[in-house]
Structure formats: C-alpha cells, structure tokens
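Fold and contact review
The lines below spell out each chain.
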Amino acid sequence: ETKRLILRPTCIGDADFILALLNSPGWLEHIGDRDVHSVLEATNYIQDRMLPQYEEHGYGNFTVIRKEDGSKIGTSGIYARPGMEDVDIGFSVLPEYMGKGYSYEAAVKMMWLAKHEFEIKKITAITTRANIASQNLIMKLGMKFIKDVEFPGDNEILMQFGVEL
C-alpha cells in the first residue's frame, strides 16, 4: 500500500478492467494494440502474459486501486521482458486518472519492492519517443537515458532508461 493506493497482483477477476485499460487511448497510442477486445481475450491475456511472471519470478503486473473509493485506476509492475537484460518497470492509468500523481506513487512503491523484496539491483524502463509524460515520470524516478532499443519483431525504436537500486 501507499498513502492513496492499494497495489495487488493482477488476477483473472480483473479482466473487465484490463480490457478497458488495454483499449484506452493512451495505451493504444504509446504501448500498442494487444488485440484484446473481449473479456475472454482479457482473461487469456492475464493468464498467458501476466500470471507466468509471478510463477517464474515472484513479481509481475499489479492492479492499482484507489483507496478512497476502491476504483481500479491502472497498473504498475516489474517485469522480466524477453530480449531485455535487466528487469523493467511499467505503469499505466486510465485517462481520467492521469496527471494526479498516481503512476508516480505506484512506481515508487514498485521500485521499493524491487529492491527490498526481490533484491533487484538495477531497474530499467522503456518508452516511445512520443510519450513525453512517461519519459518525465521515468526521469522523476531517478532514471537516466541508457540507449535506444529495438525488440525482435517490432520495428519501433524505444528509449531505455535505468537506475541502480
């Protein structure tokens, strides 16, 4: 928990919320279409893409819930991504919760967990050149630009930032 948020591992029961988040304008513009267009597809996405992270590494995607009303507002997590040497942090919120500091608050807690619970020594973050809000948040977390990266099968060049924990 943080002052305003509860962070808990994403589960199958979050499928409706994950469907909405993955199809929100910011997600589609800056992260990309994951071809998840039904609750069943969202359930499969959680089962196939999110839960294996917990099983293999003990960490993964967390649903971010606002304490004041119990609203699911976004996600934050730490991930072992294929093709990346270091653990990666990620975050996203629904449009109506942007600009309120929730992503920063959740990401700070994720970084604390990475260091203290999972004994991770270095964490990175990736984002598109166009996603200035994400870049600003990443730098606010203390990360510095490392290099441009490209993932196999993806022709977009992404910016990678990182920090020692």
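These figures come from a predicted structure and were not determined experimentally.

**Here's the deal with the layout of surface pockets**
Estimated volume of the largest pocket: approximately 1,400 Å³. Taken together, 49 residues form the lining of the largest pocket, with Trp27, Ile31, Arg81, Gly90 and Phe91 sitting closest to its centre. Contributions of two or more residues to the lining of the largest pocket are made by helix H1 (15-22), helix H2 (25-30), helix H3 (39-57), strand E3 (72-79), strand E4 (87-93), helix H4 (102-116), strand E5 (122-127) and helix H5 (132-140). Looking at which element gives the most residues to the lining of the largest pocket, the answer is E4, with six residues. Tallied by class, residues from the lining of the largest pocket come to 25 nonpolar, 16 polar and eight charged. For the second largest pocket, the calculated volume is near 190 Å³.

**Digging into the pairing of E5**
Sheet topology places E4 next to E5; two bridges connect them, and they run parallel. Across the sheet, the residue bridging to Val87 is Ile123, located in E5.

Analysis parameters
Residues numbered from 1 in each chain as written. Predicted model: local features only at pLDDT ≥ 70, side-chain atom pairs only at ≥ 80, totals over all residues. Heavy atoms only, no water. 1 Å grid on protein atoms, 1.4 Å probe; cavity = no way out; pocket = protein on both sides within 12 Å on 5 of 7 lines; lining within 4 Å. Points joined across faces, edges and corners; volume = space filled by probe spheres on them. Helix = DSSP H or I, 4+ residues; strand = E, 2+ residues; numbered from the N terminus. Nonpolar A, V, L, I, M, F, W, Y, C, P; charged D, E, K, R; others polar. Pairing = 2+ DSSP bridges.

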